[in-house]
Amino acid sequence: MTTTFGYRLPMLSPSILNADFGHLAAVVRELDEAGADAIHLDIMDGRFVPNISFGLPIVRAVRDATTLPLDVHLMIVEPERYLEAFAQAGASALTVHVETCPHLHRTIQAIHELGLLAGVALNPATPLAAIEEILPFVDLVLIMTVDPGFGGQGLIPAVLGKLRRLRQMVDERGFRCLLSVDGGVKLSNLESVISAGADIVVTGSVLFTAEERPGEILRRLRERATQAYRTRSLR
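Residues numbered from 1 in each chain as written. Predicted model: local features only at pLDDT ≥ 70, side-chain atom pairs only at ≥ 80, totals over all residues. Heavy atoms only, no water.

**A word on unusual backbone geometry**
The general pattern is negative phi for most residues beyond glycine and trans for most peptide bonds. Our working definition: Each helix is a run of H or I in the DSSP string that is no shorter than four residues. Each strand is a run of E no shorter than two, and both are numbered from the N terminus.
Geometrically, the link from Leu 9 to Pro 10 is a cis peptide bond, its omega value of 0 degrees lying close to zero. Of note, Pro 10 is situated in the segment before strand S1 (11-14). If you check the backbone angles, Glu 78 has positive phi at about 50 degrees while not being a glycine. Examined against the element boundaries, Glu 78 turns out to sit in the loop between strand S3 (70-75) and helix H3 (83-89).

Next up, the structure:
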């Protein structure tokens, strides 16, 4: 499989959904300098989710602003139609939702053929059984801890149980995919998220709603995440 992500764990992948798009390049550079491992881009189509975010031009703009991997989360119907376009725009990883892909293995294969990491995402109410058969073929699994579509939502605590079960499944069967969590992650629950099994933490609104600079908040998240991951590894 393609390996375009680094291997510092846990990884922090800040989402720019709530960033100031008038100064997007500066925001991305600040996150890069603060120690982000990737930049997370939420692509919403107003059909699979009840919101429209941004598309290919923003992906290209972020690609021009950083050398970090671009972790592109396709919250769209028929994602297979746009895989090549997002690859050309500069994506490093493409994650599609199991709920939108009737031929998921074919879509994952197409992403790999483009030389990108391939991920599968599932909504809070979607059971793990929906992705069990695809686990040997993906590079990452994205567990949504909010219903997708809007930033600023609170994490659904019950989903952490699903993450724990997935962590156990992946470890016991020897799969190599990374486990990512997206939705409502902040300083107060970061330890719980990593303890439940996350390798990659997507953070969004927490970075852009406080009075502090996004880079300063990311540094604090890094410190706490590293400590929590070390504690998990010692168990």
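**Some points on the UniProt feature "active site" (unreviewed entry) in the chain**
What counts here: UniProt positions are given in the numbering used here, feature names are shortened, and annotations may be inferred rather than shown by experiment. Cavity means a closed set of points on a 1 Å grid over the protein atoms alone, one where a 1.4 Å probe fits but cannot get out, pocket means an open set with protein on both sides within 12 Å along at least 5 of 7 lines, and lining means a residue has an atom within 4 Å of a point. Classification of residues uses two cut-offs on accessible area relative to the type maximum, computed with a 1.4 Å probe and protein chains only: under 20% is buried, over 50% is exposed, and between them is partly exposed. Any pair of residues with heavy atoms lying within 4.5 Å of one another is described as a contacting pair. Counted as a polar contact is a pair of N or O atoms within 3.5 Å, where, for protein atoms, one must be capable of donating a hydrogen and the other of accepting one, and residues adjacent in sequence contribute only when both atoms are in side chains.
The residues that UniProt annotates with the feature "active site" (unreviewed entry) are Asp 42 and Asp 182. Separation in sequence by 141 residues is not matched in space for these annotated residues, since their most distant C-alpha atoms are only 10.4 Å apart. Those annotated residues lining the second largest pocket are, specifically, Asp 42 and Asp 182. Looking at where Asp 42 falls in the secondary structure, it is placed in strand S2 (residues 39-44). With a relative accessible area of 5%, Asp 42 lands in the buried category. When residues no more than four places from it in sequence are discounted, the contact partners of Asp 42 are Ser 15, Leu 17, Ser 53, Phe 54, His 73, Met 75 and Asp 182. Only 3.0 Å separates the side chain of Asp 42 from the side chain of His 40, close enough to count as a polar contact. You can see Asp 182 is positioned in strand S7 (residues 178-182). Note on Asp 182: relative accessible area 10%, which makes it buried. Asp 182 has contacts with His 40, Asp 42, His 73, Leu 142, Ile 143, Met 144, Thr 145, Val 146 and Val 202, leaving out every residue within four places of it along the chain. Of note is the side chain of Asp 182, whose polar atom sits 3.4 Å from the side chain of His 40.

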